Amino acid sequence: MGDTIAWIGEAAHLPFRYSALHAEDLDGRLVTPGLIDCHTHVVFGGDRAREFEMRLQGATYEEVARAGGGIVSTVSATRSASEDDLFQAALPRVDTLIGEGVTAIEIKSGYGLDRDTELRMLRAARRIGKERPVLVRTSFLGAHAIPPEYKNRADAYLTEVCLPTLEAAHAEGLVDAVDGFCEGIAFSPEQIARVFDKAKELGLPVKLHAEQLSNLGGAALAASYGALSADHLEYLDEAGIKAMAASGSVAVLLPGAFYTLRETQQPPLDLLRAHNVPVALATDCNPGSSPSPLCCSR
């Protein structure tokens, strides 16, 4: 009734109390509650078109990253963009999602990897929620990659940049949750734990990119902090699944990245279901591993 779906079923089974209501033919359209895109990177600068040739030649995500591509290749363009640049570039992506029925969207930082740019990204994301009819939630993803100036010094980056920037973003009211990338090309479980400890100190919930390229036990780590979710999960094992089941963490699967990267290891969906782990799908809209026309239109 009004903006609420009161009943779903075949017309022949329509309850009597609804039979006198006006009926309208929607020409095959789907009526559904508003969709939630719970994992996006829609705020960024530049593009990563040059990496596609490497992928067509068979390079893996990890090989692209180690050759200087991947996340860090977006960092330079994002750092050179103003807040308004980032905001304006993101609007067409968000408008496309809204057009597909999305009413709530999570937007991550993580392409700045320095204080000023991370804060600009989060401010731009917050502006989207004010300028468009969509609920926006922001995640601080300072532990997304190790910036070039901190190569081989991940712990120093966390100490000198990531954790202080998280504190600054929280003080400015820009953060709803804290995320990280737990992987061999990013941060170890021990390093992610440092970020999660700071999130806990600030009273912020956590989530994690985990088990995308290998199994480092990131999902179980996230679950031990009561994470909102663990995302990707292609290499998740049963121990991690049991930990997620116990914590109530959601398994967020990202087929856009799976197919773009031509992965062959599928997330253990049957095992997740067997252990009653809640499962969600999201676009993972980003310029590199999930640049679908839907979420990366310009």
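All values reported here derive from a predicted model rather than from experimental measurement. (Residues numbered from 1 in each chain as written. Predicted model: local features only at pLDDT ≥ 70, side-chain atom pairs only at ≥ 80, totals over all residues. Heavy atoms only, no water.)

J.: Please provide a residue-by-residue account of the sheet that holds strand β1 (residues 35–37), values included.
T.: Taken in spatial order, the eight strands make up an open sheet running β1-β2-β3-β4-β5-β6-β7-β8, and their pairing is parallel. A strand with exactly one partner marks an edge of an open sheet, and here the two such strands are β1 and β8 (279–281). Sheet twist, expressed as the mean angle between neighbouring strand axes with direction ignored, is 25°. Here strand β4 (residues 177–182) runs beside strand β5 (residues 207–210); their pairing, made up of two bridges, is parallel. If you follow Cys182 over to β5, its bridge partner there is Ala210. (Pairing = 2+ DSSP bridges. Helix = DSSP H or I, 4+ residues; strand = E, 2+ residues; numbered from the N terminus. Axes fitted to C-alpha atoms, helices over the stretch in contact; angles between N-to-C directions.)

J.: Can you lay out the packing of aromatic side chains for me, pointing to particular residues and giving the numbers?
T.: Counted under the stated rule, the structure contains five aromatic pairs. With centroids separated by 6.3 Å and ring planes inclined at 80°, the aromatic side chains of Phe44 and Tyr111 adopt a geometry described as edge-to-face. Here Tyr111 lies in the loop between β2 (102–108) and α5 (115–131) and Phe44 lies in the loop between β1 and α1 (50–56), a separation of 67 residues in the sequence. Look at Phe44 and you get buried, because its relative accessible area is 3%. (Phe/Tyr/Trp six-rings, centres within 6.5 Å; stacked < 30°, edge-to-face > 60°. Buried < 20%, exposed > 50% of the residue type's maximum accessible area, 1.4 Å probe, protein only.)

J.: Now, about the pairing of β4: what can you tell me, with residues and values included?
T.: Put simply, side chains in a regular strand alternate between the two faces of the sheet. A large share of β4 lies buried, amounting to six of its six residues. Of the two faces of β4, the one lined by Ala177, Asp179 and Phe181 and the one lined by Val178, Gly180 and Cys182 are each fully buried. The pairing of strand β3 (residues 135–143) with β4 spans three bridges and is classified as parallel. In the strand pairing of β4, Phe140 is matched with Val178. In this fold, the crossover linking β3 to β4 by way of helix α6 (residues 154–171) has right-handed handedness. With helix α7 (residues 189–202) bridging β4 and its parallel neighbour β5, the resulting β-α-β unit is right-handed. (Right-handed = clockwise from strand over helix to strand, strands pointing away.)

J.: Could you give an account of the side chain of Gln191, with specific residues and numbers?
T.: By the element assignment, Gln191 lies in helix α7. In this structure the side chain of Gln191 is engaged in a polar contact, spanning 2.9 Å, whose partner is the backbone nitrogen of Ser188. Beyond its immediate sequence surroundings of up to four residues, Gln191 is in contact with Ala154, Asp155, Leu158 and Ala186. (Polar contact = N/O pair within 3.5 Å; in protein donor to acceptor, adjacent residues only side chain to side chain. Contact = heavy atoms within 4.5 Å.)

J.: An account of the nonpolar core is requested, with residue identities and associated values reported.
T.: If you look at the biggest cluster of nonpolar residues, it comprises 72 residues, and the most contacted ones within it are Val43, Ile128 and Leu233. In terms of residue count, α6 provides more of this core than any other element does, 10 residues in total. Every residue in contact with Leu233, bar those within four places of it in the chain, is listed here: Ala210, Glu211, Gln212, Ala219, Met244, Ala251, Val252, Leu253, Pro267 and Pro268. (Core = buried A, V, L, I, M, F, W, Y, C linked by side-chain atoms within 4.5 Å.)

J.: I'd like to hear about α5, residue by residue, with values.
T.: In this model α5 runs 25 Å from its N-terminal to its C-terminal C-alpha over 17 residues, within 8% of the 24 Å that 1.5 Å per residue would give. Regarding α5, the residues found buried are Thr117, Glu118, Leu119, Arg120, Met121, Leu122, Ala124, Ala125 and Ile128. Residues of α5 that are buried make contact with α3 (71–79), α4 (83–99), β2, β3 and α6. (Expected span 1.5 Å × (residues − 1).)

J.: Report on the packing of α4 against α5, specifying residues and quantitative values.
T.: At a minimum axis distance of 9 Å, the contact between α4 and α5 shows a crossing angle of 50°. Considered as vectors, α4 and α5 are oriented oblique to each other. Remark: the crossing between α4 and α5 carries right-handed chirality. Touching Glu83, Asp84, Leu86, Phe87, Ala90, Leu91 and Val94 of α4 are Arg120, Met121, Arg123, Ala124, Arg127, Ile128 and Glu131, all from α5. Each residue belonging to the contact of α4 with α5 can be placed in one class, and the counts come to eight nonpolar, no polar and six charged. (Parallel < 35°, antiparallel > 145°, perpendicular 65-115°, else oblique. Left-handed = near helix turned anticlockwise from the far one by under 90°. Nonpolar A, V, L, I, M, F, W, Y, C, P; charged D, E, K, R; others polar.)

J.: Can you break down a nonpolar patch on the surface residue by residue, with the values?
T.: Judged by side-chain polarity, Ile5, Ile8, Leu26 and Val31 come together as a nonpolar surface patch covering roughly 360 Å² of accessible area. Here Ile5 shows up in the segment before β1. The exposure class assigned to Ile5 is partly exposed, which follows from its relative accessible area of 36%. (Patch = residues over 30% accessible without salt bridge, like charges linked within 9 Å, V, L, I, M, F, W, Y side chains within 5 Å. Areas by Shrake-Rupley, 256 points an atom, 1.4 Å probe, with all protein chains shown as cover. Salt bridge = Lys/Arg side-chain N within 4 Å of Asp/Glu carboxyl O.)

J.: Let's hear about the packing of α6 against α7: which residues, and what values?
T.: For any two helices packed against each other, one specifies the inter-axial angle together with the distance between the axes. In the contact formed by α6 and α7, the axes pass within 11 Å of each other and the chain directions differ by 20°. Put simply, α6 runs roughly parallel to α7. The chirality of how α6 crosses α7 is right-handed. On the side of α6, the interface is formed by Ala154, Asp155, Leu158, Thr159, Cys162, Leu163, Leu166, Glu167 and His170, while α7 contributes Gln191, Arg194, Val195, Lys198, Ala199, Glu201 and Leu202. Residues of the contact of α6 with α7, tallied by class, amount to eight nonpolar, three polar and five charged.

Everything listed here is a matter of coordinates, which is why it stays silent on function.
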